[in-house]
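Coordinate analysis (summary)
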Amino acid sequence: MSLKKIVIVGGGAGGLELATKLGNKLGRSKKAEITLVDRNNSHLWKPLLHEVATGSLDDGVDALSYLAHGYNHHFNFQLGSLIGLDREQKNITLAAIYNEEQELLVPERILDYDILVMALGSKSNDFGTPGIKENCIFLDSPQQAHRFHNEMLNLFLKYSADTNAQEENRKVNIAIVGGGATGVELSAELHNAVRQLNSYGLKKLAPSALNITLVEAGERILPALPVRISSAAHQELTKLGVRVMTKTMVTSADEGGLNTKEGEHIDADLMVWAAGIKAPDFMKEIAGLETNRINQLVVKPTLQTTLDESIFAIGDCSSCPRKDGGFVPPRAQSAHQMASRCYGNILAMLKDKPLKDYVFTDHGSLVSLSKFSTVGSLMGNLMKGDMMIEGRIARIVYISLYRMHQIALHGYIKTGLMMLVGSINRVIRPKLKLH
């Protein structure tokens, strides 16, 4: 009998954790053939991208090779981008791969599946706003984070070498659109980066030279979190000198900055768009599957797509209803939980057993304001409702979320060793990546 073929498209938090679990359970014992597909060679936890952008995290150290991880956990890895899905033939098509000189490296491929899991994640949604794609940087991938990092270092270097900068009260203007976790955390990390660069010798680049504007269309930043946490984060950012603009709609962008609905022009040397999400554009009604207005695949509570029970969707690219109304929020903890439920349901499907519904459990949310502060809320069985935490305790819990992701991929022993290596690196490596 031929092995059941399980294909997972997308190696983000949910997809990679699922591939690892299935590989350890079914791949190791040759009960199924597991294949993970991703357009990148390595994995980096998406909530860390703002730290890569500012240089406080070196993804060359923290990134995980899919090929090596697949070898260690008994699944196959295919580098490539999904360009086609045939539900009748039960196969997917991956685009050809070319190098920078447009030389063909890998031809177009077709992968057969018995069970397909879509875990493609999401990208920023510019809502068709004029000038955004041309003038703003998105933080959806390590490549985009690297671009921001290089432009940030060049901007700071140019300012520090300008002899007239301080005399003319010139500022380094950075605008961030989107008051969600990415925008808020990036604002704080930029202030930390300036302080580090100042200590490394760029004396003209003082925190007072940094002019960060955080623009949010809603009534408050961090709209997905409780009001008191949003207010605490707002106060901390204001203390750092960040100009927080709420109820402000950006209507367009140009080379010199952002234009708002109120007619104000926000000067910016560097602009980041971190407002809203959507699934990749090619997902819109892919292979006739049901999708919503932001291209997410609509799924049943079992995480199976509504029109094809052999196709699952997890993470940000899925639209999963909640019993109490609304939909599962696009968070890392959601992807982690979905991966666990999808894993159980795939095992049940292979054994012809009934599948279980996915129920989202909100464990709270945390926002790190770099080394300055961490605020958030925790939810659990020990308390009724939620509990606000901040400071050192919140920072420890925030870091533990990443550790949980590492444990899901590597186990406790290897994660412990990685923590030890990380502690050593903090001693022997610069606190800020300068290249």
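First, a word on scope: everything that follows refers to the structure included in this document. (Residues numbered from 1 in each chain as written. Predicted model: local features only at pLDDT ≥ 70, side-chain atom pairs only at ≥ 80, totals over all residues. Heavy atoms only, no water.)

1. A closer look at the overall build of the chain
Per the secondary structure count, the chain includes 11 helices and 28 strands. Relative to its 435 residues, the chain shows a buried fraction of 50%. Excluding contacts between residues fewer than 6 apart, the proportion of contacts in the chain whose partners are at least 24 apart in sequence is 63%. Carbon and sulfur atoms make up 53% of the accessible area of the chain, which totals about 21,100 Å². (Helix = DSSP H or I, 4+ residues; strand = E, 2+ residues; numbered from the N terminus. Buried < 20%, exposed > 50% of the residue type's maximum accessible area, 1.4 Å probe, protein only. Contact = heavy atoms within 4.5 Å. Areas by Shrake-Rupley, 256 points an atom, 1.4 Å probe, with all protein chains shown as cover.)

2. A short note on the pattern of salt bridges
Under the criterion given, the structure shown has 8 salt bridges. One salt bridge in this structure joins Asp308 and Arg87, with 3.1 Å as the shortest N-O distance. Of this pair, Asp308 sits in strand E24 (residues 308-313) while Arg87 sits in the loop between strand E6 (82-86) and strand E7 (91-94), and the two are 221 residues apart along the sequence. Relative accessible area serves as the criterion here: at 25%, Arg87 is assigned to the partly exposed category. As a salt-bridge pair, Lys239 and Glu236 come within 4.0 Å of each other at their nearest N and O atoms. Of the two residues, Lys239 and Glu236 are both situated in helix H8 (residues 227-240); the distance of 3 residues between them amounts to about one turn of the helix. Residues joined in a network through salt bridges with shared partners are Lys123, Lys278 and Asp281. (Salt bridge = Lys/Arg side-chain N within 4 Å of Asp/Glu carboxyl O.)

3. Looking at the sheet that holds strand E1 (residues 4-9)
Here 6 strands make up an open sheet; going across it, the order is E5-E2-E1-E11-E24-E23 and the pairing mixed. Edge positions in the sheet fall to strand E5 (76-79) and strand E23 (304-305), since each has one partner strand and no second. Sheet topology note: the strand E2 (residues 32-38)/E5 ladder contains 4 bridges and is parallel. Among the inter-strand pairings, Asp38 is bridged to a residue of E5, identified as Leu79. Contacts from helix H1 (residues 13-27) reach E1, E2 and strand E11 (115-118) within the one sheet, and its direction differs from that of E2 by about 160°. (Pairing = 2+ DSSP bridges. Axes fitted to C-alpha atoms, helices over the stretch in contact; angles between N-to-C directions.)

4. Quick notes on the sheet that holds strand E16 (residues 243-245)
Overall, parallel pairing links the 5 strands, which are arranged E13-E20-E14-E15-E16 in an open sheet. Across the chains shown, the open sheet's two edge strands, defined by having one partner strand only, are strand E13 (137-138) and E16. The pairing of E13 with strand E20 (residues 270-273) spans 2 bridges and is parallel. Looking at the pairing, Phe138 lines up with Trp273 of E20. Strands strand E14 (172-177), strand E15 (210-215) and E20 of the sheet are contacted by helix H7 (residues 181-199), whose axis makes an angle of about 175° with E15.

5. Digging into the nonpolar core
Counting 51 residues, the largest nonpolar core has Leu18, Leu22, Ile92, Leu116, Met118, Leu303 and Ile314 as the members making the most contacts within it. Elements with a contribution of two residues or more to this core: E1, H1, E2, E6, E7, E11, E24 and helix H9 (332-350). By size, the runner-up hydrophobic cluster in this structure holds 46 residues, among which are Trp45, Leu155, Leu210 and Ile212. (Core = buried A, V, L, I, M, F, W, Y, C linked by side-chain atoms within 4.5 Å.)

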